[in-house]
Amino acid sequence: MEGDVVEYRIDRGSGVPAYVQIVEQTERALRIGTLKVGDKLPTARQVVAATAINPDTVLRAYRDMEHAGLVELRRGLGTFVTRSLARPGAEDDSPLRADITAWTARARAAGLERADILALVTATVDAYDNEQDTQRHPRRPGAEKNDV
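So, how was this worked out
Residues numbered from 1 in each chain as written. Predicted model: local features only at pLDDT ≥ 70, side-chain atom pairs only at ≥ 80, totals over all residues. Heavy atoms only, no water. Phe/Tyr/Trp six-rings, centres within 6.5 Å; stacked < 30°, edge-to-face > 60°. Lys NZ or Arg CZ within 6 Å of the ring centre and 35° of its normal. Salt bridge = Lys/Arg side-chain N within 4 Å of Asp/Glu carboxyl O. Buried < 20%, exposed > 50% of the residue type's maximum accessible area, 1.4 Å probe, protein only. Helix = DSSP H or I, 4+ residues; strand = E, 2+ residues; numbered from the N terminus. Axes fitted to C-alpha atoms, helices over the stretch in contact; angles between N-to-C directions. Parallel < 35°, antiparallel > 145°, perpendicular 65-115°, else oblique. Left-handed = near helix turned anticlockwise from the far one by under 90°. Contact = heavy atoms within 4.5 Å. 1 Å grid on protein atoms, 1.4 Å probe; cavity = no way out; pocket = protein on both sides within 12 Å on 5 of 7 lines; lining within 4 Å. Points joined across faces, edges and corners; volume = space filled by probe spheres on them. Nonpolar A, V, L, I, M, F, W, Y, C, P; charged D, E, K, R; others polar.

> A description of the packing of aromatic side chains should follow, citing residues and the corresponding values.
To describe a pair of aromatic rings, you give the distance between the ring centres and the angle between the ring planes. Here the structure, examined in full by the defined rule, presents zero aromatic pairs. Here Arg-60 stacks its cationic end above the ring of Tyr-19, 3.7 Å away from the centre of that ring. Sitting over the ring of Phe-80, Arg-74 keeps its end group 4.2 Å from the ring centre.

Structural data, given as structure tokens:
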């Protein structure tokens, strides 16, 4: 693909550095299968034109992803995906994705904004994980919180 698989969006008011946003957006695309091994990322010039950020910021993000083993920078050719983060059920056409899309529509209709939805999902996942941990590792009677 010629770099049109992912379009980066930089939220200048988020407090998250632009290069981190690029890495996070790439990782998200790798997780849901939008980006696949062999896909070409947009050139730094294309990202700069679309986002109005400094070229060094884009290159830093690409270098960080290269160090993480997600992409490979090929001089004169571009930056290519070398590893997928996709898991079954996360694809665009999965039933789970359809369920989440429908739930998100209900949340929006109820007046929740993006930050509200993300906070609710994060809290729900955290609570689920905590419950699973408790079931796997029940506390000893009388054990102190820090004595696990």
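The rest of the description comes next.
> Give me the pattern of salt bridges: which residues, what numbers.
Scanning all chains against the criterion turns up three salt bridges. Arg-9 is paired through a salt bridge with Glu-7; the nearest N and O atoms lie 3.4 Å apart. Taken individually, Arg-9 and Glu-7 each receive the classification exposed, so the pair is uniform in this respect. Between Arg-74 and Glu-72 there is a salt bridge; the shortest N-O distance is 2.9 Å. On the accessibility criterion, Glu-72 (35% relative accessible area) is partly exposed.

> Run through unusual backbone geometry, naming residues and quoting values.
In the Ramachandran plot, Ala-52 falls in the positive-phi region, its phi being about 60° despite a non-glycine side chain. Assignment of secondary structure puts Ala-52 in the loop between helix 2 (44–51) and helix 3 (55–67). Overall, the relative accessible area of 62% leaves Ala-52 in the exposed class.

> A description of the packing of helix 4 (residues 95–109) against helix 5 (residues 114–136) should follow, citing residues and the corresponding values.
In a pair of packed helices, the angle between the axes and the distance between the axes together describe the arrangement. The interhelical angle for the contact between helix 4 and helix 5, taken along N-to-C directions, is 125°, at an axis separation of 10 Å. Relative to helix 5, the element helix 4 is oriented oblique. As helix 4 packs across helix 5, the resulting crossing turns out to be right-handed. Across the interface between the two elements, Trp-103, Thr-104, Ala-107 and Arg-108 of helix 4 pack against Arg-114, Ile-117, Leu-120 and Val-121 of helix 5.

> Now, about the layout of surface pockets: what can you tell me, with residues and values included?
Vacant regions in the atomic arrangement are exposed by a probe of water-molecule size rolled over the atoms. Of the voids in this model, the largest pocket is the one considered here, and its volume is about 1,400 Å³. What lines the largest pocket is a set of 34 residues, and nearest its centre among them are Arg-28, Ile-32, Ile-100, Arg-114 and Leu-118. Secondary-structure elements contributing two or more residues to the lining of the largest pocket are helix 1 (18–32), helix 4 and helix 5. Classifying every residue of the lining of the largest pocket gives 14 nonpolar, nine polar and 11 charged. Here the second largest pocket defines a volume of roughly 250 Å³. Leu-59, Leu-73, Arg-74, Gly-78 and Thr-79 are the residues nearest the centre of the second largest pocket, which is lined by 13 residues in total. Counting only elements with at least two residues in the lining of the second largest pocket, the list comes to helix 2, helix 3, strand 1 (71–74) and strand 2 (78–81).

> Which residues make up the packing of helix 2 against helix 3, and what values do they have?
One way to put it is that helix 2 packs onto helix 3 with a least axis distance of 9 Å and a crossing angle of 125°. With respect to their mutual orientation, helix 2 and helix 3 come out oblique. The interaxial crossing formed by helix 2 with helix 3 has right-handed handedness. For the pair formed by helix 2 and helix 3, the contact residues are Ala-44, Val-47 and Val-48 on the first element and Pro-55, Val-58, Leu-59 and Tyr-62 on the second.

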